[in-house]
Amino acid sequence: MIKIKVNGEEWQVEPETNIANLLSRKNLSPHICAVEVNRQIIAKEQYVALVLQAGDEVEIIRFMAGG
Amino acid sequence: MVLNKEQLERYSRQIILPEVGVAGQEKLLAAKVLIVGLGGLGCPVVLYLAGGGVGTLGVVDSDLVELSNLPRQIIYTTDDVGKDKVAVVSAQINKLNPEVKVVPRKLRLSSDSVKEVLKSYDLVVDCSDNFPTRYLLNDACVEAKKTLVYGALFQFEGQVMVVSPSKSACYRCLFPAAPPPGLVPSCQEVGVLGALAGVIGLLQATETLKLILGIGEPLIGKLIIFNALEMNFRRVDVSRNIKCPVCGY
């Protein structure tokens, strides 16, 4: 297992975990959020290819339109 | 501009702040701010900007007041149900602070109207309640190089960010395209806690006042995420996206 941070909280994930895996673990569709890894916005096309490394800081930001 | 005796009294609690002073109050009185959307966010934004003496407030909304608006859209009273939001807001602002010039625009922003609506303002506050308006506003602000104060709500959570075009991330840097229709439900569909709108709206109002005054550190390139259930704020750095369809470089 490796340690990463998701929305400021420490998480343990399997090595080779990608962003798509992380989102499904949180029960989130990739269509309803933006994802940053180490402060860079990740394009949705990269969600499978981008494998998380120990120490990565992930921010999952929800889409919202209410006002 | 020289402040008269009544203005010195009215704004005394702001003027006494070293960061504001008479010079700051004059900046506020000279400022022109456009508020798009007069719902849960727009109501507190308009009230506090008017109270604080922001001289010109453009207000845009095409809706009529509905009963279900009242728990969070705090300008309106039960008697206002069925009236034009822009008309009620203009009348209330006039009572709160008669020296504020309110410019009511009863319309829904479209790609045809957005440029003209934005034109005479220094700063824009996004208090809208739908994705098409948010993208329209972001893209037009980036093009016209106008600072945009974004705010949004979802159930118990809210977001605020300041977009300083070509200097910091824009809304599209963060969210390049709207989600497929139906995937992100609206407040009408899944609800929102009324007081949350006040929290987020007042963060937007505070950022707007800071930007006009040129004080402190506005949320330029930074997104605040407030969670009312956990009662915490998360601050996320948002970098410009070189592939951004509107401000990429």
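Our subject in this report is the structure included herewith. (Residues numbered from 1 in each chain as written. Chains lettered and ligands numbered in written order. Predicted model: local features only at pLDDT ≥ 70, side-chain atom pairs only at ≥ 80, totals over all residues. Heavy atoms only, no water.)

## Focus on the overall build of chain B
Per the secondary structure count, chain B includes ten helices and eight strands. Along the longest, intermediate and shortest principal axes, the C-alpha atoms of chain B span 55 × 45 × 40 Å. With 249 residues in all, chain B has 53% of them scored as buried. Pairs at least 24 residues apart make up 64% of the contacts formed inside chain B by residues separated by at least 6 positions. Here chain B displays about 11,300 Å² of accessible surface, and carbon together with sulfur accounts for 55% of that area. Looking at charge distribution, chain B has the averaged site of its 26 positive side-chain charges lying 5 Å from that of its 24 negative ones. (Helix = DSSP H or I, 4+ residues; strand = E, 2+ residues; numbered from the N terminus. Buried < 20%, exposed > 50% of the residue type's maximum accessible area, 1.4 Å probe, protein only. Contact = heavy atoms within 4.5 Å. Areas by Shrake-Rupley, 256 points an atom, 1.4 Å probe, with all protein chains shown as cover. Lys, Arg positive; Asp, Glu negative; His and termini not counted. Charge placed at Lys NZ, Arg CZ, Asp CG, Glu CD.)

## Observations concerning the sheet that holds strand S8 (residues 232-237) of chain B
Residues and elements named next belong to chain B. If you walk across this open sheet you meet the eight strands as S3-S2-S1-S4-S5-S6-S7-S8, and the pairing is mixed. Only two strands of the sheet have a single partner each, and these edge strands are strand S3 (101-105) and S8. Within this sheet the neighbouring strands show an average axis-to-axis angle of 15 degrees, counted without direction. Along the sheet, helix H7 (residues 131-144) contacts strand S1 (32-36), strand S4 (123-126), strand S5 (147-154) and strand S6 (157-163); its crossing angle with S5, the most-contacted strand, is approximately 165 degrees. (Pairing = 2+ DSSP bridges. Axes fitted to C-alpha atoms, helices over the stretch in contact; angles between N-to-C directions.)

## Observations concerning the pairing of strand S3 (residues 33-37) of chain A
All names here are of chain A. For S3, the buried fraction is high: five of the five residues fall into the buried class. Across two bridges, S3 lies against strand S4 (residues 40-41) in antiparallel orientation. Bridge pairing in S4 links Val37 to Gln40. Two successive antiparallel strands, S3 and S4, enclose a turn made up of two residues, where Asn38 displays a positive phi of approximately 50 degrees.

## Quick word on the sheet that holds S3(A)
Residue and element names in this part refer to chain A. Across the sheet, five strands lie side by side as S2-S1-S5-S3-S4; this open sheet has mixed pairing. Looking at which strands have only one partner, the edges of the open sheet turn out to be strand S2 (9-13) and S4. Pairing geometry for strand S1 (residues 2-6) and strand S5 (residues 57-62), over two bridges, is parallel. If you follow Lys5 over to S5, its bridge partner there is Glu57.

## What to know about the packing of aromatic side chains
Following the criterion strictly, the structure yields six aromatic pairs over all chains and no others. With a centroid separation of 4.2 Å and an interplanar angle of 20 degrees, the aromatic rings of A:Phe63 and B:Phe175 are classed as stacked. A residue pair is termed interchain when its members come from two chains, as with A:Phe63 in the segment after S5 and B:Phe175 in the loop between helix H8 (171-174) and helix H9 (187-190). A:Phe63 sits in the buried class, given a relative accessible area of 2%. Using a relative accessible area of 1% as the deciding quantity, one classes B:Phe175 as buried. (Phe/Tyr/Trp six-rings, centres within 6.5 Å; stacked < 30°, edge-to-face > 60°.)

## Quick look at the interface of chain A and chain B
Counting residues at the interface gives 19 residues for chain A and 36 residues for chain B. Each partner contributes to the roughly 2,100 Å² buried at the junction of chain A and chain B, and carbon and sulfur atoms together form 63% of this total. When the area that chain A buries against chain B is broken down by residue, the three leading residues are A:Phe63, A:Met64 and A:Gly67, summing to 36%. Taken together, chain A and chain B are joined by two salt bridges. Where chain A packs against chain B, one counts ten residue pairs in polar contact (both at pLDDT 80 or more). Contributing elements (two or more residues each) for the side of chain A that touches chain B: S3, S4 and S5 of chain A. For the side of chain A that touches chain B, the element with the highest residue contribution is S5(A), accounting for four residues. Within the side of chain A that touches chain B, the residues separate by chemical class into nine nonpolar, six polar and four charged. (Buried area = accessible area lost by both parts, 1.4 Å probe. Salt bridge = Lys/Arg side-chain N within 4 Å of Asp/Glu carboxyl O. Polar contact = N/O pair within 3.5 Å; in protein donor to acceptor, adjacent residues only side chain to side chain. Nonpolar A, V, L, I, M, F, W, Y, C, P; charged D, E, K, R; others polar.)

## A closer look at unusual backbone geometry
All names here are of chain A. In this structure, Glu16 is a non-glycine residue whose phi angle is positive, near 75 degrees. Of note in this structure, Arg39 is not a glycine but carries a positive phi near 70 degrees. Mapping Arg39 onto the fold places it in the loop between S3 and S4.

## Quick look at a nonpolar patch on the surface
A cluster of nonpolar side chains, namely B:Phe156, B:Leu193 and B:Leu229, defines an oily patch on the protein surface of about 290 Å² accessible area. Along the chain, B:Leu193 falls in the loop between H9 and helix H10 (194-213). (Patch = residues over 30% accessible without salt bridge, like charges linked within 9 Å, V, L, I, M, F, W, Y side chains within 5 Å.)

## Re the pattern of salt bridges
All names here are of chain B. Applying the stated rule across the entire model yields ten salt bridges over all chains. The salt bridge involving Asp84 is made with Lys106; its shortest N-O contact spans 2.9 Å. Pair noted here: Asp84 is in the loop between strand S2 (56-60) and helix H5 (85-96) and Lys106 is in the loop between S3 and helix H6 (114-118), with a separation of 22 residues, a long-range link. The exposure class of Lys106 is partly exposed, given its relative accessible area of 46%. One salt bridge connects Asp237 with Lys222, and the closest N-O pair in it is separated by 3.9 Å.

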